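So the chains spell out like this:
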Amino acid sequence: MNHFTKSLRFKVTILVITVELLILSALGGFYTHRFSQEIDNAIIARLSIAGLLMTRGELSFDAVSDRRTMEGLLRAPYSEGIVIGLDGHVYYSFDPARRDTHLDEIDGLKLPGSESSPLAVDTPDLIVPIQDSSGTYLTCLSPLRPNGKLTGYLYLKVGTKTTETEKKKVAILFAVGSLATVTFTAAILTLLLNFLVIRRLNDLIDIFRRFALGDYAARAQALDGGDEFATLMDGFNGLAKRLEETVAHLSESETLLNTTQRLSKVGGWEVDIKSGKAFWTDELYRLHEIPKGSDIDHRKESFACYSPEDRQTLNEAFTRACELGEPYDLELPFTTYTGKPLWVRTTAQPVYEDGKVVRLVGNLMDITERKQAEEALRLSSERLQLATRVANIGIWDWDIPRNSLVWDDSMYQLYGIRKGDFSEAYDAWISTIHPEDKAHTDGEIQAALRGEHEYAPEFRIVRPDGSIRNIKAVSRTTRDQEGKPLRMIGTNIDITELKLAETSIRTLNQTLEQRVADRTAQLEAANKELEAFAYSVSHDLRAPLRHIDGFLDLLKARTTGSLDDKSKHYMDTISDAARRMGTLIDDLLGFSRMGRKEMAAERVDLDILLQEVIHEFDSETRGRNIDWHIGELPAVTGDRAMLRVVLLNLISNALKFTQKREKASIEIGSQPGAGEAVIIFVRDNGAGFDMLYADKLFGVFQRLHSSDEFEGTGIGLANVHRIINRHGGKTWAEGKVDGGASFYFSLPQAVGAK
């Protein structure tokens, strides 16, 4: 019901009814007034007829004094009629009490006194009736002039109550007719308006409502006829199309703006100063790390992210902006609601209306990366300044078209020139060059300007105090699109000490070369002496051993059957000692030769070499229970003969120290090492060793087991260590007493080997 009373249909209906009522009321009032006047005029005419007849002499004085005549004339038995003579005598009256009486006035009407009275003269033949003050009677006074002579007066009084009743009936009838007319015409007009206007308006309103709800694709139905509604519908459709395009463009612009703000990390805000209400963009919520759409108080939520000192500074700036219209632009540290530290730039700009600040608009930009870059640049600059100062490096920048040369502080120190004494031009710099180097240095500059090569010469300068310094220059030239040089930036390094050091090194190298030559000659002589000594040892020591062994054999032959067991044991011991002494001499000679022998670097396939070495131990391993575990070995770069010695010694050790095992287990394999190296290992389940003495394993004559328990001279592992060292590798071992041992060595892998 409330919706209907607010509808246009209801309002139009009320308007039609109101207009019709106003029109009919005006017409009814006009016609009712005219009808009342007509009734009054009819009564007046009836009143005036008798007086007119008598005035014209149509009725005699006696005729109007007769009641029946009067009633016939007036046709109103309830009216009052009085015939009065000139002397005021009443000749006739409807009221019998007034007959034969004398009246000076009737109902306040003064009767004329004589023929010469103004009333008699001015009184017309027909007197217009007068309505009394109560409105219930009409009175009329008419002169009687039979035969043209005034003989008296006729006074008539008629009540209007009956006419008033008739008037009311007519008014009521008119009102009822008017209401019926209004109702009928209002219904017809309302239906016509609804069909011709309201229905179309409702369609248009529905389109506007859909438009208001965001349905920008809504369109009004095109109408034929070219009337105002058709024009309005066409205009709306055109406006809607442009609005839809505008909204789409705004949507794209908003998306682009949000994307731009997100990428640039800039959030916008607006604060209404009077209401305190604030609007934040999506990016501003993200920067604060507050859920989008949360109710916010700008000063409360945003200012809380700053330190107390910065909060006070920002609050003062915000207050001045609101009260005085002063914009602000501040860079401050900032902490989000999740505790994330940032650096931000916050700005505000006042908006005026009628000369007063009504709003503040601003933005908040995340400048953390810029601040970090600035800090990194500052630290880098400080480090660069420190480095250039420590390294005595100067930096210069030459604007070639303007011939403007800018030096840093290190350059002035390098050249020994005060800033005020340098004109910052090319000629001022070239004047500092040593005369012998000036032409060459200038030529290098000109070649760099022509683009032949970058300017990077070495030259000498002469300081104001006369000292000479050696300088190394390095630069880069910037050119325009046509190749014209615009700018040259470079460094100068004081290499005086380097030059002195080079001179000293050359002198030292010459001395060293001579010393190396002398030392080489000494080493060659020592090697020759060592070889002679080795030969002498081999010959001189072997001869006594052969004599001992030979005489022992002769002694055994001569004393056969005469020596007791103990003497025989002594002789066997002497023979074994001589044999071990021979073996030791052979090993020592091999060890000494291994250090002097030249290496042949070649590709060595360890798989093939290992099989050859194991085959050499066939006679020794025959009859033993040995479990071999041999993995795939890579190809390496080294001396094949030396590596053969390494494998022989390690496998021999493994076989020797597993002699007492019912089932020996020997594992040989490889594993990747650091860089391009490969690690080879030989592992057994033999007697093992105590890791406390592992550092003694690869020394000469270092044995961890007695010769009675296991044979050996203590030279084998020393040979392994020396060979692997000469190959640039390392050797190490792991073991446990009665728990086996593992020996490792690293070698460079051959190129292309896997």
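Residues numbered from 1 in each chain as written. Predicted model: local features only at pLDDT ≥ 70, side-chain atom pairs only at ≥ 80, totals over all residues. Heavy atoms only, no water.

(A) Main features of the overall build of the chain. Along the chain, the regular secondary structure elements total 19 helices and 24 strands. A buried classification covers 35% of the 754 residues belonging to the chain. Long-range contacts, defined as pairs at least 24 residues apart, comprise 55% of the intrachain contacts of the chain with a sequence gap of at least 6. About 45,600 Å² of surface is accessible on the chain, with carbon and sulfur atoms providing 56% of the total. (Helix = DSSP H or I, 4+ residues; strand = E, 2+ residues; numbered from the N terminus. Buried < 20%, exposed > 50% of the residue type's maximum accessible area, 1.4 Å probe, protein only. Contact = heavy atoms within 4.5 Å. Areas by Shrake-Rupley, 256 points an atom, 1.4 Å probe, with all protein chains shown as cover.)

(B) Structural view of the confidence of the model for the chain. Confidence along the chain averages 76 in pLDDT terms, with 68% of residues attaining 70 or more. Scored below 50 in pLDDT, residues 700-708 shows 24 contacts in the model against residues more than four places distant or in partner chains. (pLDDT = per-residue confidence, 0-100.)

(C) Structural detail: helix 18 (residues 640-657). When the terminal C-alpha atoms of helix 18 are compared, their 26 Å separation across 18 residues agrees well with the 26 Å that a helix rising 1.5 Å per residue should span. For helix 18, the side-chain oxygen to backbone nitrogen distance between the N-cap and Met642 is 3.1 Å, and the N-cap itself is Asp639. (Expected span 1.5 Å × (residues − 1). Polar contact = N/O pair within 3.5 Å; in protein donor to acceptor, adjacent residues only side chain to side chain.)

(D) Quick peek at empty space enclosed by the protein. Considering all chains together, one arrives at two cavities of 30 Å³ or more under this definition. Taken together, Trp396, Trp398, Leu405, Trp407, Met411, Tyr426, Trp429, Ile445, Tyr455 and Asn492 make up the lining of the largest cavity. Among the residues forming the lining of the largest cavity, the class breakdown is nine nonpolar, one polar and no charged. Here the second largest cavity is characterised by a volume of approximately 60 Å³. Trp269, Leu284, His288, His298, Ser302, Phe303, Tyr306, Leu314, Tyr328, Thr346 and Leu364 are the residues that line the second largest cavity. For the lining of the second largest cavity, the elements supplying multiple residues, two or more each, are helix 7 (282-288) and helix 8 (298-303). In terms of residue count, the dominant contributor to the lining of the second largest cavity is helix 8 (three residues). Class assignment for the residues of the lining of the second largest cavity results in seven nonpolar, four polar and no charged. (1 Å grid on protein atoms, 1.4 Å probe; cavity = no way out; pocket = protein on both sides within 12 Å on 5 of 7 lines; lining within 4 Å. Points joined across faces, edges and corners; volume = space filled by probe spheres on them. Nonpolar A, V, L, I, M, F, W, Y, C, P; charged D, E, K, R; others polar.)

(E) Quick peek at the packing of helix 16 (residues 606-616) against helix 18. Between helix 16 and helix 18, the shortest axis-to-axis distance is 10 Å and the interhelical angle comes to 50°. Judged by the angle between their axes, helix 16 and helix 18 are oblique. As for the relative orientation of helix 16 and helix 18, their crossing is right-handed in sense. Counting all contacts with helix 16, which are made through Leu606, Leu609, Leu610, Glu612, Val613, Ile614 and Glu616, the residues of helix 18 involved are Arg640, Leu643, Arg644, Leu647, Leu648 and Ile651. Here the contact of helix 16 with helix 18 is built from residues that sort into nine nonpolar, no polar and four charged. (Axes fitted to C-alpha atoms, helices over the stretch in contact; angles between N-to-C directions. Parallel < 35°, antiparallel > 145°, perpendicular 65-115°, else oblique. Left-handed = near helix turned anticlockwise from the far one by under 90°.)

(F) Just the environment of Lys472, in detail. Secondary-structure assignment places Lys472 in strand 16 (residues 468-479). By relative accessible area, Lys472 is classed as partly exposed at 24%. When the C-alpha atoms of Lys472 and Asp494 are compared, they prove to be 6.6 Å apart, with 22 residues separating the residues in sequence. Setting aside anything within four residues of it in sequence, one finds Lys472 in contact with Ala456, Pro457, Glu458, Thr491, Asn492, Ile493 and Ile495. Looking at Lys472, its side chain comes within polar contact range of the main-chain oxygen of Ala456, at 2.9 Å.

(G) Quick look at the pairing of strand 15 (residues 458-462). Because side chains alternate across strand 15, one face comprises the buried residues Phe459 and Ile461, and the other comprises Glu458, Arg460 and Val462, none of which is buried. Pairing of strand 15 with strand 16 involves five bridges; the strand directions are antiparallel. Counterpart to Val462 in the pairing with strand 16 is Ile468. Remark: five residues form the turn of the hairpin made by strand 15 and strand 16, two consecutive strands paired antiparallel; Gly466 in that turn has positive phi of roughly 90°. (Pairing = 2+ DSSP bridges.)

(H) Looking closely at the pattern of salt bridges. A full pass over the atoms with the stated rule returns 26 salt bridges. One salt bridge connects Glu497 with Arg469, and the closest N-O pair in it is separated by 3.0 Å. One end of the pair, Glu497, is in helix 14 (residues 496-558); the other, Arg469, is in strand 16, with 28 residues separating them in the sequence. In this structure, the salt-bridge partner of Arg644 is Glu612, at a minimum N-O distance of 3.2 Å. Of the two residues, Arg644 sits in helix 18 while Glu612 sits in helix 16, which places them 32 residues apart along the sequence. The class for Arg644 is partly exposed, based on a relative accessible area of 25%. Judged by relative accessible area, which is 31%, Glu612 ranks as partly exposed. (Salt bridge = Lys/Arg side-chain N within 4 Å of Asp/Glu carboxyl O.)

(I) Highlighting the sheet that holds strand 13 (residues 393-399). Taken in spatial order, the five strands make up an open sheet running 14-13-17-16-15, and their pairing is antiparallel. The open sheet has two free edges, formed respectively by strand 14 (404-407) and strand 15, since each of these has just one partner strand. Each adjacent strand pair in this sheet contributes to an overall mean axis angle of 30°, direction not counted. Sheet analysis places strand 13 next to strand 14, joined by four bridges and oriented antiparallel. Within strand 14, the position partnered with Asp397 by the bridge is Val406.

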